[in-house]
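What follows is the residue order along each chain.
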Amino acid sequence: MHGTAPVPLAVVLVHGAFAGASSWAKVIRLLHAAGPAVLAPANPLRGLAHDAAYIRSVLRQIDVPVVLVGHGYGGAVVTEAAADAENVVALCYVAAFGLDAGECPRDIIGRFAPMPTMDAAFTTAVSPRFSGGADSELYIREDRFPQAYAADLPPRVARVLSVTQRPIAQQALTGRSGPPAWASRPSWYAIAAADRMLNPAAQRFMAQRMAATEHLLPGSHAVVLSQPEAVAVMIMEAAGQSGDRGGGYGLQVTF
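In this report, the structure presented in the accompanying data block is examined. Keep in mind that this is a model prediction, so the values were computed, not measured.

1. Thoughts on the overall build of the chain
- Helix and strand counts for the chain come out as nine helices and nine strands.
- Counting only residues that meet the buried cut, the chain has 55% of its 255 residues in that class.
- Long-range contacts, defined here as pairs at least 24 residues apart, represent 71% of the contacts in the chain between residues at least 6 apart.
- Here the chain has roughly 11,000 Å² of accessible surface; of this, 54% comes from carbon and sulfur atoms.

2. Topic: the pairing of strand β3 (residues 66-71)
- Of all six residues that make up β3, six are buried, and the element is covered over most of its length.
- On β3, burial covers both faces: Val66, Leu68 and Gly70 on one face and Val67, Val69 and His71 on the other are all buried.
- The sheet contact formed by strand β1 (residues 10-14) and β3 spans five bridges and is parallel. Across the sheet, Val11 pairs through a bridge with Val67, a residue of β3.
- Taken together, β3, helix α3 (residues 73-81) and strand β4 (residues 88-94) form a β-α-β motif whose crossover is right-handed.

3. Thoughts on the side chain of His215
- Tracing the backbone through its elements, the reader meets His215 in strand β9 (residues 213-217).
- You can call His215 buried: its relative accessible area is 16%.
- Residue contacts for His215: discarding those within four places in its chain leaves Trp188, Tyr189, Ala190, Ile191, Met234 and Glu237.

4. Structural notes on the packing of aromatic side chains
- Applying the stated criterion across every chain yields a total of three aromatic pairs.
- Here Phe112 and Phe205 contribute two aromatic rings whose centre-to-centre distance is 5.7 Å and whose plane-to-plane angle is 50 degrees, an arrangement assigned as tilted. Within this pair, whereas Phe112 is found in the loop between α4 (105-111) and β5 (121-125), its partner Phe205 is found in helix α7 (residues 200-209), the two being separated by 93 residues in sequence.
- On the basis of an interplanar angle of 25 degrees and a centroid distance of 4.9 Å, the ring pair of Phe145 and Tyr149 is categorised as stacked. Here the residue Phe145 and the residue Tyr149 both occupy positions in helix α5 (residues 145-149), the gap between them amounting to four residues, near one helical turn. This pair shows no difference in class: Phe145 is buried, exactly as Tyr149 is.

5. Focus: the sheet that holds β1
- On the basis of which strands lie adjacent, the open sheet formed by six strands has the order β2-β1-β3-β4-β8-β9 and parallel pairing. Of all the strands in the sheet, just β2 (37-39) and β9 have a single pairing partner and so form its edges. The mean inter-strand angle of the sheet, taken between neighbouring strand axes irrespective of direction, is 15 degrees.
- Sheet topology note: the β4/strand β8 (residues 187-192) ladder contains four bridges and is parallel. By the bridge assignment, Cys92 is partnered in β8 with Trp188.
- Across the sheet, helix α2 (residues 48-59) is in contact with β1, β2, β3 and β4; its angle to β3 comes to roughly 155 degrees.
- Packing against the sheet, α3 makes contact with β1, β3 and β4, and its axis sits at approximately 145 degrees to β3.

What counts and how
Position numbers for residues count from 1 along each chain, tracking the sequence in the order it is written. Confidence filtering applies because this is a predicted model: local features only for residues at pLDDT of at least 70, side-chain atom pairs given and counted only at 80 or more, and all residues used for totals across whole chains, interfaces and linings. Side-chain measures here rest on the full set of heavy atoms in the structure, leaving out hydrogens and waters. Numbering of helices and strands runs from the N terminus; a helix is a DSSP stretch of H or I covering at least four residues, while a strand is a stretch of E covering at least two. For each residue, the accessible area found with a 1.4 Å probe, counting protein chains only, is set against the maximum for its type, and the residue is called buried under 20%, exposed over 50%, and partly exposed in between. Note on contacts: a residue pair qualifies if any of its non-hydrogen atoms lie within 4.5 Å across the two residues. A 1.4 Å probe and the Shrake-Rupley method give the accessible areas. Residues count as covered only by the protein chains that appear here. Two strands pair if DSSP finds at least two bridges between them. For the handedness criterion, the strands are oriented away from the viewer, and a crossover whose path from the first strand over the helix to the second runs clockwise is classed as right-handed. Classification of ring pairs uses Phe, Tyr and Trp, with its six-membered ring standing for Trp, and accepts pairs whose centres are within 6.5 Å; under 30 degrees between planes counts as stacked, over 60 as edge-to-face, and the remaining range as tilted. Convention adopted: a line fitted to C-alpha atoms gives each axis, helices being fitted over their contacting stretch, and angles between N-to-C directions are expressed from 0 to 180 degrees.

Nothing here speaks to function; it is geometry throughout.
Okay, structure coming up:
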């Protein structure tokens, strides 16, 4: 008797603030080895409604089931983008904002004890020519970036990340979310226990609120780079358990 072949599936990876799509590089290599198609679009980081509309347009071009993954602010984007995307069968959050209806990222940040690295950020005005509607952007100071964002990465790697960081528009942190996609999709959440950007207690609160399958990882906010194997395992777990796939996807990782 022949086993049931797995349904073709795609994984869409959405990065967060202060990073680009290349932050998923190590995770992508592992996912490629496991089988599904992978797409890592550039998150504009201009505002929640704007960014979610762009990711939604990407999802509409995919004609197979999708596991949608968000890191950091990218979690807010996937929560909004997937709300009316019928092909999204599972959501994965990696140290990410899983907002409820009417919430914004700043609400979550303000609800929990402030992180010791909050003073590492600074704002700068945006030229109207390139603003995309934003009047100011948020950066992390280069000298504070390793400590705040990537404390568990080698210093030379963290320094490169600090000078290649992508700023986020201030207005992106105050955009209000609509009805959350996680209310109608199975969800997974990787809590970064050593995160100095998004309080791990806030992450646990959001994971429990969405009844997500939790994975506790000993990583910084840059956990997609410092713990790519664990992140990939979680994503493939979501892929394997969402919908009727015949159990055809697997990821063997040596820790």
